[in-house]
Amino acid sequence: MSKKYNVAVVGANGAVGEEILSILHEVNFPINKLVPLASSRSAGKTVEYAGRDVVIKELTDTVFEEEDVEIALFSAGGSVSAQFAPSAVRAGAVVIDNTSHFRMDEHIPLVVPEVNPEDIAKWKKTGIIANPNCSTIQMVQALKPLDEAYGIQRVDVSTYQATSGAGKSAMEELVNQMQSFFTFKLDEAEPKAFAHRIALNVIPQIDKFLDNGYTKEEMKMVNETTKIMHREIPLSATCVRVPTLRGHAEAVSVTFAKEIDANEAREILRKAPNIVILDTPSESIYPMPSTAFEKNETFVGRIRRDNFSKNILHMFIVADNLRVGAATNAVRIAQKWVEMREEV
């Protein structure tokens, strides 16, 4: 990469924004000027990048043009993206958006670089590329190579999602409630980020329930998988919030068009980009949230064929939701976008 770019990070001091900054540095992204952006409340504060403090600027409709921004990474909530992403596009920047706001827009590509990198080329129509839901990203990374080999007919998935998926305040709520437990005051802990107490509990609800009995989070996985994989895949999801801080886990059962061999499937996944196989059950080696902490890979294990059908495979998938499920995927999209630009 010869050219360097002016890069804005919207929501730079949020949980995902901080991860984006770390990953940009780790991958040595070609940055000419970094422009951290946040609300007026945070303007003037600093974020760390490459060992130095960079002052946060206020997010306005004019800042993208004033700073000559070429790449804008948004991670500050859907309403913020709805209001300010068009301003970034008008200023000539490509927007890579981490929120759900643009995901299902038919004119905006929804991209996981390991699965559908070719869709990045569609960015010119609107100037925006959407980042999928965290749970969708890690799942489709594993589904894609298996679909190519065996042809997926159906997917059933149950997720075990960390509190960080609901933001910093949700993580703090878990920590505070656990502190209350050790002081025998857990019954006094009022839930705010979730519908119920999250400490020492699991909550089978993420986002609001819809008329079909599924939650919005569950339907995101259904609809986003169809868009990313370029065909409708029958999928049922049950999304559960668990009392961990980082790292989403998923128990995935996949029905294929033909008989599948678990060892062969394991080798197919081993060769897939950014997937790490951890699958030695006899030694208690399998993916866990602690395994994935601050990693940029997706971990897959417990790979086994169904006892009753030779066409069904079960597996356990874990990834750091703040990285693979958000920041890492966004930066990888930016890297691919840069590669495409420089190939022209």
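It should be noted that the structure appears before, not after, this text.
Residues numbered from 1 in each chain as written. Predicted model: local features only at pLDDT ≥ 70, side-chain atom pairs only at ≥ 80, totals over all residues. Heavy atoms only, no water.

Overview of the overall build of the protein
Phase 1: Counting its regular elements, the protein contains nine helices and 14 strands.
Phase 2: Computed over C-alpha atoms, the radius of gyration of the protein comes to 20 Å, within 12% of the 20 Å expected from 2.2 N^0.38 for 344 residues, which places it in the range of a compact globule.
Phase 3: Taken along its principal axes, the extent of the C-alpha atoms in the protein is 60 × 60 × 40 Å.
Phase 4: Counted over contacts in the protein with a minimum sequence separation of 6, partners at least 24 positions apart contribute 67%.
Phase 5: Just so you have it, the protein exposes about 15600 Å², and 48% of that area is on carbon and sulfur atoms.
Phase 6: Where the 38 positive side-chain charges of the protein centre and where its 46 negative ones centre are 1 Å apart. (Helix = DSSP H or I, 4+ residues; strand = E, 2+ residues; numbered from the N terminus. Rg over C-alpha atoms; globule rule 2.2 N^0.38 Å. Contact = heavy atoms within 4.5 Å. Areas by Shrake-Rupley, 256 points an atom, 1.4 Å probe, with all protein chains shown as cover. Lys, Arg positive; Asp, Glu negative; His and termini not counted. Charge placed at Lys NZ, Arg CZ, Asp CG, Glu CD.)

Describing the packing of helix α4 (residues 134-150) against helix α6 (residues 216-229)
Phase 1: The geometry of α4 relative to α6 is characterised by a closest axis approach of 10 Å and an angle of 40° between their N-to-C directions. If you check the angle between α4 and α6, you find them oblique. As for how α4 packs across α6, the hand of that crossing is right-handed. Each of S135, T136, M139, V140, L143, K144 and D147 in α4 lies in contact with α6, whose residues at this interface are E217, K220, M221, E224, T225, I228 and M229.
Phase 2: Taken together, the residues of the contact of α4 with α6 break down into six nonpolar, three polar and five charged. (Axes fitted to C-alpha atoms, helices over the stretch in contact; angles between N-to-C directions. Parallel < 35°, antiparallel > 145°, perpendicular 65-115°, else oblique. Left-handed = near helix turned anticlockwise from the far one by under 90°. Nonpolar A, V, L, I, M, F, W, Y, C, P; charged D, E, K, R; others polar.)

Quick word on the state of the cysteines
Phase 1: On inspection of all chains with the given rule, the structure shows zero disulfides.
Phase 2: Of the cysteine sulfurs around C134, a residue in no disulfide, the closest is that of C239, at 8.8 Å. (Disulfide = S-S within 2.5 Å.)

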